[in-house]
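# Structural overview for review
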Amino acid sequence: MEDKFRVGVIANTHGIRGEVKVFPTTEDPARFKILKQVLLDTGEEWLELEISSVRFFKNMVIVKFKGMDNINDVEQYKGKDMYVTRENAIPLEEGEYYLADIIGAKVVTEDGACFGELTDVLETGANLVYVVAHEGKEVLLPVIPDCVKDVDVEQMQITVHIMKGLLD
């Protein structure tokens, strides 16, 4: 299971006082209002940064980190990913799961036959799409009740119904 979840990417600096524009990659960007700290993947190390202020502008989140008070402090972090630990992740409701926790799951058909392995999850406008490695190629399965019948996170198994036309 993943112990870190990406919540955003630093898109650019904002002004000269050390603020950054963050493109949120979390389902609920409003979560930044209650976020106290993040982990920044610099590519060489993980930096634990404390958030001192947050505000919203268009589709971006403007974040100010404690101790970074001018543009020179943050400019080097453009394009870097921001993460939270599992403890700071959004709490799950009954029956929910983190997508990162099912990557690598075994995918089986309703009759129990092995179909493949979940390699990725795509987020489209309408619904999620599971990317499954099947017989040397990728098969895209829409995450809708007619197709995905069960997700068992503990057993790392997803039961699917292969709808007509999905393998064509």
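Structure first, text after, so check above.
Thresholds applied
- Residues numbered from 1 in each chain as written.
- Predicted model: local features only at pLDDT ≥ 70, side-chain atom pairs only at ≥ 80, totals over all residues.
- Heavy atoms only, no water.
- Helix = DSSP H or I, 4+ residues; strand = E, 2+ residues; numbered from the N terminus.
- Rg over C-alpha atoms; globule rule 2.2 N^0.38 Å.
- Buried < 20%, exposed > 50% of the residue type's maximum accessible area, 1.4 Å probe, protein only.
- Contact = heavy atoms within 4.5 Å.
- Areas by Shrake-Rupley, 256 points an atom, 1.4 Å probe, with all protein chains shown as cover.
- Lys, Arg positive; Asp, Glu negative; His and termini not counted.
- Charge placed at Lys NZ, Arg CZ, Asp CG, Glu CD.
- Pairing = 2+ DSSP bridges.
- Core = buried A, V, L, I, M, F, W, Y, C linked by side-chain atoms within 4.5 Å.

### So, the overall build of the protein chain
Helix and strand content of the protein chain: one helix and twelve strands. In the protein chain, the order of α-helices and β-strands from amino to carboxyl end is β-β-β-β-β-α-β-β-β-β-β-β-β. Expected size for 168 residues packed as a compact globule is a radius of gyration near 15 Å; at 19 Å, the protein chain overshoots this value by more than 25%. When the backbone C-alpha atoms are referred to their principal axes, the protein chain occupies close to 60 × 30 × 30 Å. The 168 residues of the protein chain split such that 36% are buried. Within the protein chain, contacts between residues at least 6 apart in sequence are counted, and of these 50% link residues at least 24 apart. Surface summary for the protein chain: the accessible area is close to 10,300 Å², and the carbon and sulfur share equals 47%. Side-chain charges in the protein chain split into 18 positive and 31 negative, and the spacing between the mean points of these groups amounts to 9 Å.

### Quick notes on the pairing of strand S1 (residues 4–14)
Along any regular strand, the residues point their side chains to alternate faces of the sheet. In this sheet, strand S6 (residues 81–85) lies alongside S1 in antiparallel orientation, the contact comprising five bridges. Residue pairing for S6: Lys 4 is matched across the bridge by Thr 85. Note that S1 and strand S2 (residues 19–24) share six bridges and pair antiparallel. Directly across from Thr 13, in S2, lies its bridge partner Val 20. Linking two consecutive strands that pair antiparallel, namely S1 and S2, is a turn of four residues; a positive phi of about 75° is found at Gly 15 within it.

### Concerning the nonpolar core
The tendency in soluble globular proteins is for nonpolar side chains to be buried as a group. Ranked by internal contacts, the top residues of the largest apolar core, which has 22 residues, are Ile 10, Val 22, Phe 32, Val 38, Val 63, Phe 65 and Met 82. For this core, the elements supplying multiple residues, two or more each, are S1, S2, strand S3 (37–41), strand S4 (46–57), strand S5 (60–65) and S6. The contacts of Phe 65, once residues within four sequence positions are left out, are Ile 10, Val 20, Val 38, Leu 49, Glu 50, Ile 51, Ser 52 and Met 82. Ranked by size, the runner-up nonpolar core spans 15 residues in total, among them Ile 102, Ala 105, Val 132 and Val 153.

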